[in-house]
Amino acid sequence: MSFFRDLRVAFYSLMRTQGLAITVILTLALGIGANAAIFTLVRGVLLKPLVNRDEDRLIYIRQSALGAGDDNTAFSVPEIQDLRASVKTLSAFGEFSTLEFTMIGLGEPRVVQSGVVSGNYFEVMGLHPVLGRLIGPQDDGPKAAGVVVLTYRFWATTLGKDPGVMGKTLRLGWGPMGDRSATIIGVLEPSVPYPQDTEIMPTSSLARTTSLQPWSLAASTA
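Attention shifts here to the environment of Ile-80. Relative to the elements of secondary structure, Ile-80 occurs in helix H3 (residues 77-86). Linking Ile-80 and Ser-216, residues 136 residues apart in sequence, is a C-alpha distance of 9.5 Å. Sequence-distant contacts of Ile-80, that is, excluding residues within four places in its chain, are made with Phe-75, Glu-95, Trp-215 and Leu-217.

Shown next, in the form of structure tokens:
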């Protein structure tokens with residue numbers, strides 16, 4: 001009962017000093033509001049599930065080069081081939097390589113940051129399009145036609161969410177390979193960029209001209 005007696009005394013004391021009462025109430029309100037805002041931010045940024053389908057089965061593969069002091073070294077094409085042949089606990093690998101292309105076909109020529117992906121990358125990542133379709137296995141291989149997917153951020157901020165870009169042909173230039181053409185086939189849904197923020201995502205057939213091109217790997221467990 002002493003708790004309730006103390007609470008009653010505190011209440012009557014605050015009523016006799018209304019200025020103090022208002023200060024206490026405002027302090028409590030601000031504290032509760034700040035905590036709620038911080039929780040909302042943390043939930044939205046850190047706790048909210050990814051848009052990826054089956055994200056609990058998604059893993060990122062890293063390798064270290066201790067001699068060079070690098071704990072996240074990219075993979076070469078032969079290394080990826082060895083992994084595919086030897087690792088049986090993973091059901092699929094998705095490959096991603098970051099390149100800068102000179103892009104012609106959407107306004108003035110410009111340099112764009114691209115994430116070149118293998119034909120099954122989006123399937124492994126569990127991502128979906130908001131417009132058109134994404135790159136699939138049929139778009140992979142040296143004889144496949146060049147295609148490209150736009151990231152949502154690039155489509156929204158640079159192109160104003162223009163649906164008319166679908167089907168347009170781009171010219172993508174990169175030193176070792178020269179110029180290649182690629183058709184825009186879709187726009188990727190908003191998602192966490194991996195492993196680096198990009199503007200366009202072409203098929204790997206546009207860049208797999210050398211086994212020295214570095215690649216990052218995502219995989220799904222069996």
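On we go from here.
By the secondary structure assignment, Pro-190 is in the loop between strand S9 (178-188) and strand S10 (200-202). Taking relative accessible area as the criterion, Pro-190 reaches 44% and is therefore assigned partly exposed. Remark: the alpha-carbon pair of Pro-190 and Pro-129, spanning 61 residues in sequence, is separated by 9.0 Å.

Quick look at the packing of aromatic side chains now. With the rule as written, the count across this model stands at three aromatic pairs. For the pair Tyr-152 and Trp-155, a centre-to-centre distance of 5.9 Å together with 65° between the ring planes defines the contact as edge-to-face. Here Tyr-152 and its partner Trp-155 are both found in helix H5 (residues 152-157), three residues apart, which amounts to about one turn of the helix. Under the relative-accessibility criterion, Tyr-152 is labelled partly exposed at 24%. For Trp-155, a relative accessible area of 9% translates into the label buried.

What counts and how
Residues numbered from 1 in each chain as written. Predicted model: local features only at pLDDT ≥ 70, side-chain atom pairs only at ≥ 80, totals over all residues. Heavy atoms only, no water. Helix = DSSP H or I, 4+ residues; strand = E, 2+ residues; numbered from the N terminus. Contact = heavy atoms within 4.5 Å. Buried < 20%, exposed > 50% of the residue type's maximum accessible area, 1.4 Å probe, protein only. Phe/Tyr/Trp six-rings, centres within 6.5 Å; stacked < 30°, edge-to-face > 60°.

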